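Survey of secondary and tertiary structure
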2 protein chains.
Amino acid sequence: MNENLRIIRLIWLDSHISMDEMQFLDSVYELAVSYLDDERPLVDYQNFESLEKITDTNLQHGPMPYEQILLDIQHYLKYCVKTNQSGFMNPLWGGISTVALASELITSLTNTSMYTFELAPIGTVIEKSIISKMLGYVGYPDGAGTFTTGGSNGNMLGMLCARLKHNPMGMHTGYDNRNLVALVSEESHYSVVMAGNVIGIGKENIISIKSDSFGRMRADALAEEIKHLRAEGKDVFCVIATSGTTVKGSFDPLKELAEVCFRENIWLHVDAAWGGSALLSSKHTHLMDGIDLADSVCWDAHKMMGIPLICSSFLVKDESILAKVCNHTKSAHYLFQSEEKTNDLGHYSLQCGRRNDALKLFLAWRQKGDEGWSRLIDTYMKLADYVESKISLHARLELVSPREWTNICFRYSSEIIDQNALNKELRKRLMQNGNFMVSKAMIDGMYIIRLVISNPEITTSSLDNFIEEVVRLGEEIEKELPHK
Amino acid sequence: MNENLRIIRLIWLDSHISMDEMQFLDSVYELAVSYLDDERPLVDYQNFESLEKITDTNLQHGPMPYEQILLDIQHYLKYCVKTNQSGFMNPLWGGISTVALASELITSLTNTSMYTFELAPIGTVIEKSIISKMLGYVGYPDGAGTFTTGGSNGNMLGMLCARLKHNPMGMHTGYDNRNLVALVSEESHYSVVMAGNVIGIGKENIISIKSDSFGRMRADALAEEIKHLRAEGKDVFCVIATSGTTVKGSFDPLKELAEVCFRENIWLHVDAAWGGSALLSSKHTHLMDGIDLADSVCWDAHKMMGIPLICSSFLVKDESILAKVCNHTKSAHYLFQSEEKTNDLGHYSLQCGRRNDALKLFLAWRQKGDEGWSRLIDTYMKLADYVESKISLHARLELVSPREWTNICFRYSSEIIDQNALNKELRKRLMQNGNFMVSKAMIDGMYIIRLVISNPEITTSSLDNFIEEVVRLGEEIEKELPHK
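These numbers were taken from a predicted model, which means no experiment stands behind them. (Residues numbered from 1 in each chain as written. Chains lettered and ligands numbered in written order. Predicted model: local features only at pLDDT ≥ 70, side-chain atom pairs only at ≥ 80, totals over all residues. Heavy atoms only, no water.)

Points about the relation of the copies chain B and chain A
- With an RMSD of 0.0 Å, the fit of chain B onto chain A corresponds to turning through 180° and sliding 0.0 Å along the axis. The relationship between the two copies is best expressed as a two-fold rotation axis.
- An overlap of 100% is found between the interface residues of chain B and their copies at the interface of chain A, pointing to a shared contact surface. (Least-squares fit on C-alpha atoms with pLDDT ≥ 70 in both. Contact = heavy atoms within 4.5 Å.)

Topic: the pairing of strand 5 (residues 235-242) of chain A
All names here are of chain A.
- Strand 5 sits mainly inside the fold: seven of its eight residues count as buried.
- The sheet contact formed by strand 3 (residues 180-185) and strand 5 spans five bridges and is parallel. Along strand 5, the bridge assignment pairs Leu 180 with Asp 235.
- As paired elements, strand 5 and strand 6 (residues 267-271) share five bridges and run parallel to each other. Each residue of the ladder has a partner; that of Val 239, found in strand 6, is Leu 268.
- Taken together, strand 5, helix 11 (residues 254-264) and strand 6 constitute a β-α-β crossover, and its handedness is right-handed. (Buried < 20%, exposed > 50% of the residue type's maximum accessible area, 1.4 Å probe, protein only. Helix = DSSP H or I, 4+ residues; strand = E, 2+ residues; numbered from the N terminus. Pairing = 2+ DSSP bridges. Right-handed = clockwise from strand over helix to strand, strands pointing away.)

Some remarks on the packing of helix 5 (residues 98-109) of chain A against helix 13 (residues 358-393) of chain A
All names here are of chain A.
- The N-to-C vectors of helix 5 and helix 13 enclose an angle of 145°; their axes lie 8 Å apart at closest approach. The crossing of helix 5 and helix 13 is right-handed. The segment helix 5 lies against helix 13, with Val 99, Ala 100, Ser 103, Glu 104, Ile 106 and Thr 107 engaging Leu 359, Lys 360, Leu 363, Ala 364 and Gln 367.
- Here the contact of helix 5 with helix 13 is composed, by residue class, of six nonpolar, three polar and two charged. (Axes fitted to C-alpha atoms, helices over the stretch in contact; angles between N-to-C directions. Left-handed = near helix turned anticlockwise from the far one by under 90°. Nonpolar A, V, L, I, M, F, W, Y, C, P; charged D, E, K, R; others polar.)

Regarding the environment of Tyr 386 of chain A
Residue and element names in this part refer to chain A.
- Inspection of the secondary structure puts Tyr 386 in helix 13.
- Since its relative accessible area comes to 28%, Tyr 386 is described here as partly exposed.
- Taking the C-alpha atoms as reference, Tyr 386 lies 7.3 Å from Thr 460; in sequence the two are 74 residues apart.
- Among the polar contacts listed, one links the side chain of Tyr 386 to the side chain of Asp 464, at a separation of 2.5 Å. (Polar contact = N/O pair within 3.5 Å; in protein donor to acceptor, adjacent residues only side chain to side chain.)

Structural notes on unusual backbone geometry
All names here are of chain A.
- A cis amide bond links Leu 309 with the next residue in sequence, Ile 310, at an omega value of -5°.
- Positive phi outside glycine occurs at Asn 265, with the angle close to 60°.
- For Asn 265, the position within the fold is in the loop between helix 11 and strand 6.
- Given a relative accessible area of 67%, Asn 265 falls into the exposed group.

By themselves, these figures tell us nothing about what the structure is for.
Given below as structure tokens:
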């Protein structure tokens, strides 16, 4: 097929007969297939200015032929980051699931919004079934859930549920937020602070609790801080625990935190955007022990489960709270049809227009089965063990944090030059070489490299190559940079 | 190609040789192409219970072969609403753009997040260019913008900008929201009330302003309400005007409202999710006169411009306010690389993981050109004129609201039976017949049918068929329902 299309295209170009839209679509599909097949450098690195210069971003008065749009797409494919390659280990996701990709095509093709059963009949049936499956893993048999616009949004929704439970009237009269306090671990994701800003409690009212050497929130420190804040007259309405922190991959001790929250009558929300997938593996599910004691949780399928962005679930134990937070039916007579009220998923969402993000997860789950997910998580953990032990055994590499999940924080260590400058340069060269992309963070003033295993293309051999390139670059930079 | 694939599939099914993933992808693509080609009934109507019964939603322990996933997709395509057909006139969008569909495939294929230039280099260049184009139409040459998760989210972002401008310290210390008031027209979208709940000012502090007979917010009523509220000690921080209301398609008089807001020093946000596309037509752009005097606006490309969900822009005149609302950089050392700071779009967004929603709009714009959009809007307005005049000339049909945009609110009128019951039943039968889907609303106690022209498949002939079916069903129901 590909060869035929290529010939047809040459004929068009030659004869100046314009492509029609179906021929265009076929050609785009052909490009997609060859993108999946090829091994390419991760990125053809250009800075913003040069990339802007070589990209035709002109939005002109008249129309352009499909041939030009095809060239635009080829240009896009040339300069995007090839997140499906094995060397892509930068954010908390990578690789591509063919089933999920196919589902995305179907979702866009059958473009609809999830707000009513009328507009999304089969989508509603599917979303309900996948949410119910996830509620089972979390241990909220009578709970409810929805797909949100991402973990940041899910954390905000958790805080909104907490605030509503704390003071149901505030939803109507408005909240005096100056006294409301939410507690998080010092390792938590920045979105929690941002959510504090959005819901109006202010950044200063998001207070960090000390964590242990693994980066886990300390339950004793939490209990103490609550006592202290209450003595100060502050109104603590929510604790946000993290299962799988962004940098270290730490899991807060949910059972202990839940005990404190239960005793103090405070809502416990769990940001399990990254670590929630531990639930899928019988071997590693213990990391999430106590999740059934929490009140709400967000869990991203677009991270470790490899579903394309966005696929982020929010699950809550008490269905009625979510319904109340999202209650707007009286003002939307034009949308909700009373006949189908209970099956309109819009009653459980803060969005009006909402894409069907459930289908891709549903079909990927059908194809993999529980077993397949379990195997995926176990494989990732084994690969993380493997590369961790390689790093710890290597004289020039230094692990910077104990490990619980598939995050590995390390650096190239040098006694003769500034280590932060070295590792920063090292990360940059890795990317510019086009073989590997990894993230970075600061831990106790140290610039560290963060590697994550969350891409089905990663193998022991690709990790060997990675370590080899890191060491080679480290040695190279050590020779170039000024000595201390 | 299609025929070959069909034969290959028959061979597999026969020989029990399992499909591989690329053969699966080819077959899904084939299904997509035939979905685009076929004329099908809009929907094979089933209620929730029966649809649940005939759908295999089992998420089992073991894996399933690709053949089964293909059957799942066929089932999905059978029972979804065919939103690409000409009879689909229910929500504020419909039809399918081939270029945008192809772009969606590319976006999912090259799955990335828009937060940093590093992860989305070419995506960043493209998003900046399309935002800049839209800022030009709106008249904010030094403004900024982002793609949000939908109009509801854009309206919330407008309110957050307003609140921050009003009281910059509240972002840090938390707001006493009980006194903060936002003003909207009584015809505004329910998402504004929901946003009031999310940002914590409470539903009661979203106050409706009287509108005129066209459904447009009255500037004199606004000025009076501000005076009144201030006398009561309320703190009015934001006015939300609507360009293109959901039911009637009314456009608030932006110039007059902007004058009031300027005089009273209040932020003016415009919900132009639906009507913003009037800017694209030199003939109809006057509906948005005064938009350049507002402070912020949301404008959905996934409505009248026909881009698949979600594609929703938020544009703001003062770039620095949006940057402040989204300021979280200090806590995200692991994400933002200082070298590329100014080009990391995450600095202008409340999302962390964010899909590339710009590409589909960019490529559709390249293909259509300004001229193409203009023609699209003008055609929609002509079709709306056409059907409006047909309805007004028909003895049994009654227009229920004056018209400014492509919304047409009408009902079948009857003197012998309850008109609300009749029109409700009429709408339902239309859908069950599978030829047409339209929306409904209540206007002054009347159950009305809302038709919108926002689907490129609609023609005068499809509208003729629609009117014919409405009249036929009206007569049929009139005979069946009990007389007054």
